[in-house]
Amino acid sequence: MQASLEQLSQIIVFSGLETADKVNLQPYTQVQRYRKGEIILHESDRLPAKLYAVVSGSIQVTKTAITGKETILRALTAGEIFAAPALLGNGISPATVTAESDCEILTVERDTLLKAIGQNPEIALRMLMVFNSRIQQLHETVHGLVSERAIVRLARLIQYFATESGTNSSPQGECLKVKLSYYRMARSSGITYEECVRLIKSLKSVIAYRRGGTIIIVDAEKLDAIASSTIPPEHIK
C-alpha cells in the first residue's frame, strides 16, 4: 500500500519536508508489513534501487561469517533508514535484515528520491549524517573486537542501548526500555553465549539481569568505569 503523509513524516530524512513535497513522493512509495521473525532482506540479495526505512516496529541487522557465526550489527526502530547499497553501492545486501517485532517497512524509488533531493538538499545531508554515524559506530565496534576485553565491550553495549532506547527509573536503578537477551548481547559483542552469561553474573553489583532480557543499571558510575577501562573488572565488588 502507499505511504500516508503521517508515515512519511516519521522517517528521519523526510520529517522536514513541506506537505506539498511529501504529496509528490507518495505515488512512488510502498509500505509492507512483516511479522516478528520474518526475513526482510537476505544477505547477498540483489536489492531494487530504493530507499528503505522503518515506519513502525523494529528490525535487526545481522552478518554471518564464513564460519557460520552470526553477529548482530545493529537494531533499528521507527524513523531509521537502512540498506544503503540499494542507493549508493552495488545493489547487493551486505547483511540480513529481520523483523525484531511486527513492523512496517517503507520504500521510495531512487529516481524519485534523487528528484526530491534536487529540490531539497537537506534530505541528502540528513542521509549523510546517518551513514557517517554508522561508519563511526562500525569503526568503534571493529576496534573493540580487536583490542578491547569482552567485559569492556559488553559494558559499552549496555550503555549504547541505554542512550539509544532510553531508560525508566525504578527503585533498583535505571531500567533499559529495550530487552537484551544473552543471545543478543553475545552476538552484538562478538563473544559466546556462555561467556556472556558468565560476564553478566560477574557484574551483579553493577547491573541486574532479569529473565526475558530486562537489564537494570544499578551503579552507573561503575559501569562507566568498566566501559572506559579505568577500573579492572576483578576489582568490582
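All values derive from a computational prediction rather than experimental measurement. (Residues numbered from 1 in each chain as written. Predicted model: local features only at pLDDT ≥ 70, side-chain atom pairs only at ≥ 80, totals over all residues. Heavy atoms only, no water.)

**Student:** With reference to specific residues and values, describe the sheet that holds strand S5 (residues 70-77).
**Tutor:** Spatially, S2-S7-S4-S5 is the arrangement adopted by the 4 strands of the open sheet, whose pairing is antiparallel. Either end of the sheet is taken by a strand with one partner, and the two such strands are strand S2 (39-41) and S5. Ignoring which end each strand starts from, the neighbouring axes of this sheet average 30° apart. Where helix H7 (residues 182-189) meets the sheet, its contacts fall on strand S4 (58-64) and S5, and the angle it forms with S5 comes to roughly 110°. (Pairing = 2+ DSSP bridges. Helix = DSSP H or I, 4+ residues; strand = E, 2+ residues; numbered from the N terminus. Axes fitted to C-alpha atoms, helices over the stretch in contact; angles between N-to-C directions. Contact = heavy atoms within 4.5 Å.)

**Student:** Describe the sheet that holds strand S11 (residues 207-210), naming the residues involved and giving the relevant values.
**Tutor:** Strand order in the open sheet made by the 4 strands is S9-S10-S12-S11, with antiparallel pairing throughout. Edge positions in the open sheet fall to strand S9 (167-169) and S11, since each of these has one partner strand only. Shown here is a sheet whose adjacent strand axes are inclined to one another by a mean of 25°, direction ignored. Here 4 bridges tie S11 to strand S12 (residues 214-217), and the two strands are oriented antiparallel to one another. Bridged to Tyr209 within S12 is Ile215.

**Student:** I'd like to hear about the pairing of S4, residue by residue, with values.
**Tutor:** Within S4, 5 of the 7 residues are buried, which leaves it mostly tucked inside the rest of the structure. With 7 bridges joining them, S4 and S5 adopt antiparallel strand pairing. Directly across from Val61, in S5, lies its bridge partner Arg74. Sheet topology note: the S4/strand S7 (residues 96-99) ladder contains 4 bridges and is antiparallel. (Buried < 20%, exposed > 50% of the residue type's maximum accessible area, 1.4 Å probe, protein only.)

**Student:** Break down the packing of aromatic side chains for me, with residues and values.
**Tutor:** A full pass over the atoms with the stated rule returns 4 aromatic pairs. On the numbers, 5.9 Å between centres and 80° between planes, the contact of Tyr182 with Tyr193 is edge-to-face. Residue Tyr182 is found in helix H7, and its partner Tyr193 is found in helix H8 (residues 193-202); the two are separated by 11 residues along the sequence. Each residue in the set Tyr182, Tyr193 and Tyr209 is aromatic and connected to the rest through ring pairs, giving one cluster. (Phe/Tyr/Trp six-rings, centres within 6.5 Å; stacked < 30°, edge-to-face > 60°.)

**Student:** Describe the side chain of Arg184, and please don't skip the residues or the numbers.
**Tutor:** Note on placement: Arg184 falls in helix H7. When sequence neighbours within four positions are dropped, the list of residues in contact with Arg184 reads Gln60, Ile72, Ala75, Glu100, Phe161, Val178 and Lys179.

**Student:** So what's going on with H8? Which residues, and what values?
**Tutor:** Counting along an α-helix, one turn takes 3.6 residues, and residues three or four places apart therefore face a common direction. Among the residues of H8, Cys196, Val197, Leu199 and Ile200 are the ones counted as buried. Considering only its buried residues, H8 is in contact with helix H6 (150-165), H7 and S11.

**Student:** Lay out the side chain of Thr96 with the relevant residues and their values.
**Tutor:** Here Thr96 lies in strand S7. A distance of 3.1 Å separates a polar side-chain atom of Thr96 from the backbone nitrogen of Glu43. The contacts of Thr96, once residues within four sequence positions are left out, are Ile39, Leu41, His42, Glu43, Gln60, Val61 and Thr62. (Polar contact = N/O pair within 3.5 Å; in protein donor to acceptor, adjacent residues only side chain to side chain.)

**Student:** A description of the nonpolar core should follow, citing residues and the corresponding values.
**Tutor:** The nonpolar side chains of soluble globular proteins are, as a tendency, buried together. Counting 28 residues, the largest nonpolar core has Ile158, Leu176, Met185, Cys196, Ile200 and Ile207 as the members making the most contacts within it. Counting residues per element, the ones that place at least two in this core are H6, H7, H8, S12 and helix H9 (220-227). Contacts of Ile200, omitting those with residues within four sequence positions, involve Leu154, Ile158, Tyr182, Met185, Ile207 and Tyr209. Counting 22 residues, the second largest nonpolar core, distinct from the first, contains Phe14, Leu17, Val31 and Ala116. (Core = buried A, V, L, I, M, F, W, Y, C linked by side-chain atoms within 4.5 Å.)

**Student:** Just give me the short version of the pattern of salt bridges, but keep the residues and values in it.
**Tutor:** This model, assessed by the stated rule, comprises 5 salt bridges. For Glu104, the salt bridge is made with Arg33, and the minimal N-O distance between the two is 3.3 Å. Residue Glu104 is located in strand S8 (residues 103-109), and its partner Arg33 is located in strand S1 (residues 29-34); the two are separated by 71 residues in the primary sequence. Across the salt bridge formed by Glu43 and Lys63, the nearest N and O atoms sit 3.2 Å from each other. (Salt bridge = Lys/Arg side-chain N within 4 Å of Asp/Glu carboxyl O.)

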